[in-house]
Number of protein chains: 2
Amino acid sequence: MLYERALERLKSKGLNLDINSFLRTFNRISSIGWVESYGSTRLALTNEHIMARRELLKELENIGAKVLFDEAGNIIAEVGSGSRAIAIGSHLDSVPGGGRFDGVFGIIAGLEILRAIVKSSLRLKHKLILVDFNNEEGSRWNPPLLGSALSVGVYTRDFVYSRLDSNGVTFGEALERSGFKGSAENNLSMNPPRFYIEPHIEQGPELYREGYDIGIPQGIVGLRVLELTFKGRQDHASSHISLRRDPVVGLSKAVLRLREYALKNQDKLRITVGYISVDPGKFNVVPALSKITVDIRSYDSQVIDEATKYTIKVAENIGGEENLSVDYRELWTIPRIVFDPEVTSIIEESCRDLGFKCKRMWSWAGHDAQNMSRITKTAMIFVPSVEGISHSKDEYTREEDLVKGLILLAEVVLRLDEI
Amino acid sequence: MLYERALERLKSKGLNLDINSFLRTFNRISSIGWVESYGSTRLALTNEHIMARRELLKELENIGAKVLFDEAGNIIAEVGSGSRAIAIGSHLDSVPGGGRFDGVFGIIAGLEILRAIVKSSLRLKHKLILVDFNNEEGSRWNPPLLGSALSVGVYTRDFVYSRLDSNGVTFGEALERSGFKGSAENNLSMNPPRFYIEPHIEQGPELYREGYDIGIPQGIVGLRVLELTFKGRQDHASSHISLRRDPVVGLSKAVLRLREYALKNQDKLRITVGYISVDPGKFNVVPALSKITVDIRSYDSQVIDEATKYTIKVAENIGGEENLSVDYRELWTIPRIVFDPEVTSIIEESCRDLGFKCKRMWSWAGHDAQNMSRITKTAMIFVPSVEGISHSKDEYTREEDLVKGLILLAEVVLRLDEI
């Protein structure tokens, strides 16, 4: 088999990777918070997330890693003794009803590399670091990537600690209670690693459909989130249809027109309406207003700007057609980032030498790598996801692809160590 | 002025109606729970509703009415001494952000008739009863018309008392705490009035647009509420647009197709989507499922059946087009009811004699009258609503129309008393 040759190759460099240990640990930790009919729910700093992190800490203890917590509650585990570090990172939190692979794959792959290096008694020039970032998904506290953003200095501690979840609990309060709160001196910005690699499943179908083993993102697409509000006139379900000013009709037209636009431009653009609310939301009342979020992403900031303009134009046109007043606001914009070309080239060369068919591509999803790229040479490794299903219980990556990702990560770490 | 002649006419029959007292009381009580930018919120048995009812009780005490509470917490106030009764009724609860006139007009008009009869020392053959029904709107506890339904025996006490509001509070618990809980022997079914009249604003624009003073409903249209569920596949906002199975697209298509169908058939049909939910409802997640309610109403049960079939067909077609699975269920059906022809004729004759231009029509909204029609000879009186806006802060009925409604009510009571 393909990866037996690759494992031999790593062995010849002194590294014994234990595939069974990796899969066993992955299956165990990815099952925490899993409900068969619904998917994974490990929202940041909830019991399920804390349980998964404690399991990770046990594993790290078993291999004798030095464990630090930073100001954001990120777990930073070190092995080895070099003065500079190669870091691997991802996250254990999930969206509600998310997939089994998102985040967990990267953490367990990183853990297995640390374990293999310790067990193989391999002396590297660099320390090896595993980072488990806190609140990556943003499902409990918005915006996403809070943990890495605080650790690298994108947001202030006050901003991050004061974020509220839907029950009015601040990030700061939950962090205090969780036992993961560490000190600012451990923030990654205080002592940046030399390299940062984030392995992840592709959140799209390209690799799977086109038969690639590995994807090498050139960077992460930019993201803008808009909120559209349609205000109509609250009315009784008995009111004349033709006299209504119905904000439900407004949002429905917007969803369909934006979908059509996104379909036409899907090679360079994604648009998602994931949140809808109507007020007052009673079966027998034509609502007074409706709100939707519009998530726009592209690797080209001009495409995002055009889609933003189109969205606003669509909303205004609908306002005119349906006699609704229309408000829009930008909730946030995260600019595109480009990964380090030296590290992506090393990943590409490693794939070639390992016989893994790889493709340069873009990451359409945000990752902590975008924050890490501000303080260190950063890249990502993608493995195929069947049909690209993501943030869903149906998310699935074949074991052989997980293993290829793990092997590639080991190979890349060894090569970066030699630079 | 038109109503000065009419007032003289009532005076000649021994009844002095005090228009200023009526308008003053109406303005005072309708302002409880009113927020200028939002409208009236007096959900059943909330503080605002209880406050409005207490004001009503004070007024009833001032005129020496005998006040009873029944098992549903309906307020039943009597004046006079006949062995049989003429009842006037409506309600003081509102939807969230409702209008100022809905319910309150009928209660205060009835109150003013009781007051005028007491003050004029007019001896009628019948007792005169005012009923303030509890939880008419159904905005706190579903289904609507709970108070009248229990009082006339449509629902059992167990069913009504166990209804839950959105905070998990039962109707029974809230009723107990409110102080309005009375006994089953006061239920209207135990001692039905001989006639029941419910004055209300039209919840539609016909009278206003066509220049009528008064509407005389022949009955209340039938109502069916369906719930549609579109199940797709939860996915990441980065997923390929053309591979998505997006339940938001499903609901949007359903809203627009049902609106088109309702527009084409609006002479005999209304369709409303007032409730929407998506799960999980996060900006960056294609939802797993969406739910909407479809409120279908018509005076013709065949039209409701056809619209039901059409709704299900639309949902199934969309399921096929968008690769969604579709569920639907009937939440409830309330059949059309027809009012008493004798009483509606008396209302029509009264209008003719008072010089009020009137129109026979249908009520597109449900009213406690539909429950009362099971136990007594029932009719309604509609006054025009500007543009028919209803369940909305913009709901508006001109003072002169409120006054015409009041005068007609007095005239009808006096005529019914003579039968």
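See the structure printed just above.
Scope of this entry: the structure provided in the associated data block.

Cut-offs and rules
- Residues numbered from 1 in each chain as written.
- Chains lettered and ligands numbered in written order.
- Predicted model: local features only at pLDDT ≥ 70, side-chain atom pairs only at ≥ 80, totals over all residues.
- Heavy atoms only, no water.
- Least-squares fit on C-alpha atoms with pLDDT ≥ 70 in both.
- Contact = heavy atoms within 4.5 Å.
- Buried area = accessible area lost by both parts, 1.4 Å probe.
- Salt bridge = Lys/Arg side-chain N within 4 Å of Asp/Glu carboxyl O.
- Polar contact = N/O pair within 3.5 Å; in protein donor to acceptor, adjacent residues only side chain to side chain.
- Helix = DSSP H or I, 4+ residues; strand = E, 2+ residues; numbered from the N terminus.
- Axes fitted to C-alpha atoms, helices over the stretch in contact; angles between N-to-C directions.
- Left-handed = near helix turned anticlockwise from the far one by under 90°.
- Nonpolar A, V, L, I, M, F, W, Y, C, P; charged D, E, K, R; others polar.
- Phe/Tyr/Trp six-rings, centres within 6.5 Å; stacked < 30°, edge-to-face > 60°.
- Buried < 20%, exposed > 50% of the residue type's maximum accessible area, 1.4 Å probe, protein only.

Note on the copies: chain B fits chain A at an RMSD of 0.1 Å, the axial shift is 0.1 Å, and the rotation between them is 180°. Overall, the copies show the geometry of a two-fold rotation axis. Closest to the rotation axis within chain B is the C-alpha of B:Ser252, separated from it by 2.0 Å. Residue by residue, 100% of the interface of chain B is reproduced at the interface of chain A, so both copies engage with the same surface.

So, about the interface of chain B and chain A. The interface is formed by 69 residues belonging to chain B together with 69 residues belonging to chain A. Interface area for chain B against chain A, summed over the two sides, is near 5800 Å², with a carbon-plus-sulfur share of 59%. For chain B, the biggest contributors to the area lost against chain A are B:His236, B:Ile241 and B:Phe283; these three give 13% of the whole. Our count for the chain B to chain A interface comes out at 2 salt bridges. Between B:Arg259 and A:Glu322 there is a salt bridge; the shortest N-O distance is 2.8 Å. Here chain B is connected to chain A by 38 residue pairs in polar contact (both at pLDDT 80 or more). Every element with two or more residues in the side of chain B that touches chain A is listed here: α8 (206-210), β10 (235-236), α9 (247-264), β11 (270-272), β12 (276-279), β13 (285-286) and β14 (289-298) of chain B. The leading source of residues in the side of chain B that touches chain A is α9(B), at 10 residues.

Attention shifts here to the packing of α9(B) against helix α10 (residues 301-322) of chain B. Residues and elements named next belong to chain B. Across the interface, α9 lies against α10 with an axial gap of 10 Å and an inter-helix angle of 145°. Of the two elements, α9 crosses α10, and the hand of that crossing is right-handed. Counting all contacts with α9, which are made through Val249, Gly250, Lys253, Ala254, Arg257, Leu258 and Tyr261, the residues of α10 involved are Glu306, Ala307, Tyr310, Thr311, Val314, Asn317, Ile318, Glu321 and Glu322. Classifying every residue of the contact of α9 with α10 by side-chain character gives 8 nonpolar, 3 polar and 5 charged.

Moving on, we come to the packing of aromatic side chains. For the structure shown, the criterion picks out 24 aromatic pairs over all chains. Ring centres 5.6 Å apart and planes at 20° place the aromatic pair A:Tyr299 and A:Trp362 in the stacked group. Placement of A:Tyr299 in the loop between β14 (289-298) and α10 (301-322) and of A:Trp362 in strand β17 (residues 358-363) is noted, with a sequence separation of 63 residues between them. Given the relative accessible area of 25%, A:Tyr299 is considered partly exposed. Relative to B:Tyr310, the ring of B:Tyr261 lies with its centre 4.0 Å away and its plane at 10°, an arrangement referred to as stacked. Of the two residues, B:Tyr261 sits in helix α9 while B:Tyr310 sits in helix α10, which places them 49 residues apart along the sequence.

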